[in-house]
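Chain by chain, the residues run as shown.
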Amino acid sequence: MARVLVVGAGVTGYVAAYTLAEHGVEVTIVEKADTFGGKVLSYGCKAEEECQNCGLCLTTRLWSNVYEQKNIHTAFNSTVSDVSKKSGKFSIKLDEGSDALNYKKFDFNNFDAIIVCTGFEPLLHSLFAHLHIDCTEGLITGNQIENLMLNRTPDKIFENPPKSIAFIQCVGSRDQNESGNYCSKVCCAYSTRSARVIHSYYPECEIVFFYMELQNVKGGDYYKELRELGIKFINCRPLKVTGGSPVIIEYDNQAEGILRKEFDLAVLADGICAGSENSRIAGIFKLDMDKNGFLQAVGDDSGIYVAGCARAPMKIEEAYADAVTVAGKVLCQINKQ
């Protein structure tokens, strides 16, 4: 039986593992955390009366499917420290503190291929330099708005509902002085979908978006739909954000000059950043890194692949599809052997 190592037990890793296992491949997953799922477990459904296609539905059966698949073994609290290759087969070593070292059921030799699915990291407040944040009171991140979506009840989202909310887009992105001059691809989607949910709960709440550019979220005139709900859009990046009660946002209005606007809450729509351990991971698995720090395979013939947000910013559905694609490449490689 062919054997494949998958590094990372998030959506991408589990989809790749399940796809391979369904084709008769034995898969071992190594995950540094103590559970599966990764960041997506903290994301909330954005459905109102109807599904808003946020991608979470793709994971509904994923975790149980992997758990029930006998060809998949997962080693939690474990980290790869070294990789070697001999006669076309890979062997790995784990860090001394890895839990899997205590279990004889794991065999870390003779893998036909390796798929690295180590995901991404959210941006940190320390990277939000262009906003000139004086205080963080009244400010939340994109991950926190996701948590609010996840934990909302049928009758409330906030303990103390705000009367006004600002969404500040492209935080930490589109800036050469920060994490990278690229689009994270996810911020417009989760922010606007969250705004729709908030509006459905609190129709009197003023919602304003500050943006540089808006990405396509779905077909049709999506942003016209949002404007018809009363959601406002201001095409500029704020100059300064002063947290507190209220939050004060200063921005440049081309017609009127520098303006100040007060809000009860501001959402910093941060995006996807390359993992802080990517340099170490690239060294262990002999991978390349692009200019933004994302991992790149040196070629399919190397037998080591990269999938999902480890190699580029992706939406949930894109990471899911990428995992299936990479698993297909691995199957082709195995069939040629």
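In case you missed it, the structure is sitting above this.
What counts and how
- Residues numbered from 1 in each chain as written.
- Predicted model: local features only at pLDDT ≥ 70, side-chain atom pairs only at ≥ 80, totals over all residues.
- Heavy atoms only, no water.
- Buried < 20%, exposed > 50% of the residue type's maximum accessible area, 1.4 Å probe, protein only.
- Helix = DSSP H or I, 4+ residues; strand = E, 2+ residues; numbered from the N terminus.
- Right-handed = clockwise from strand over helix to strand, strands pointing away.
- Pairing = 2+ DSSP bridges.
- Salt bridge = Lys/Arg side-chain N within 4 Å of Asp/Glu carboxyl O.
- Polar contact = N/O pair within 3.5 Å; in protein donor to acceptor, adjacent residues only side chain to side chain.
- Axes fitted to C-alpha atoms, helices over the stretch in contact; angles between N-to-C directions.
- Parallel < 35°, antiparallel > 145°, perpendicular 65-115°, else oblique.
- Left-handed = near helix turned anticlockwise from the far one by under 90°.
- Contact = heavy atoms within 4.5 Å.
- Nonpolar A, V, L, I, M, F, W, Y, C, P; charged D, E, K, R; others polar.

Turning our eyes to something else, we now look at the pairing of strand S1 (residues 3–7). Within S1, 5 of the 5 residues are buried, which leaves the element mostly enclosed by the surrounding structure. Alternating positions in S1 separate into two faces, Arg3, Leu5 and Val7 on one and Val4 and Val6 on the other, with burial throughout. Between S1 and its parallel partner strand S2 (residues 26–30), the chain crosses via helix H1 (residues 11–21), and the hand of that crossover is right-handed. Sheet topology places S1 next to strand S6 (residues 113–116); 4 bridges connect them, and they run parallel. When the sheet's bridge partners are listed, Val4 is paired in S6 with Ala113.

Our focus in this paragraph is the pattern of salt bridges. Across all of its chains, the model carries 16 salt bridges by this definition. The shortest N-O distance in the salt bridge between Glu318 and Lys185 comes to 3.4 Å. Placement of Glu318 in helix H7 (residues 316–336) and of Lys185 in the loop between strand S9 (164–171) and helix H4 (187–201) is noted, with a sequence separation of 133 residues between them. According to the relative accessible area criterion, Glu318 is partly exposed, its value standing at 28%. For Glu225, the salt bridge identified is with Lys218, shortest N-O distance 3.7 Å. Looking at Glu225, the relative accessible area reads 29%, which means it is partly exposed. Residues participating in the shared-partner salt-bridge network are Glu48, Arg196, Lys218 and Glu225.

Note that Ser184 resides in the loop between S9 and H4. Ser184 sits in the buried class, given a relative accessible area of 2%. A polar side-chain atom of Ser184 sits 2.8 Å from the main-chain amide nitrogen of Ile272.

Each strand in a sheet pairs with its neighbour through backbone hydrogen bonds, running either in the same direction (parallel) or in the opposite one (antiparallel). Reading across from one edge, S12-S13-S14 is the order of the 3 strands in this open sheet, with antiparallel pairing throughout. Of all strands in the sheet, those with a lone pairing partner are strand S12 (240–242) and strand S14 (257–263), marking the two edges. Within the sheet, the average angular offset between the axes of one strand and its neighbour, ignoring direction, is 20 degrees. In terms of strand pairing, S12 meets strand S13 (residues 247–253) through 3 bridges, oriented antiparallel. The partner of Thr242 across the bridge, within S13, is Ile248.

Moving on to the packing of H1 against H7. The interhelical angle for the contact between H1 and H7, taken along N-to-C directions, is 40 degrees, at an axis separation of 8 Å. By the criterion of interaxial angle, the relationship of H1 to H7 is oblique. The two elements H1 and H7 meet at a crossing, and its hand is right-handed. Packed against H1, whose contacting residues are Val11, Thr12, Val15, Ala16, Thr19 and Leu20, the element H7 presents Ala319, Tyr320, Ala323, Val324, Ala327, Val330 and Leu331 at the interface. Considered class by class, the residues forming the contact of H1 with H7 number 11 nonpolar, 2 polar and no charged.

All right, on to the sheet that holds strand S11 (residues 232–235) then. Read from one edge to the other, the open sheet built from 5 strands follows the order S8-S15-S9-S10-S11, with strand pairing classed as parallel. Strands with a single pairing partner mark the edges of an open sheet, and in this sheet they are strand S8 (139–141) and S11. Within the sheet, the average angular offset between the axes of one strand and its neighbour, ignoring direction, is 20 degrees. When S9 meets strand S10 (residues 206–211), the two strands line up parallel, connected through 5 bridges. Residue pairing in the sheet places Ser164 in a bridge with Glu206 of S10. Sheet contacts for helix H3 (residues 142–151): S8 and strand S15 (265–270); angle to S8, the most-contacted strand, approximately 85 degrees.

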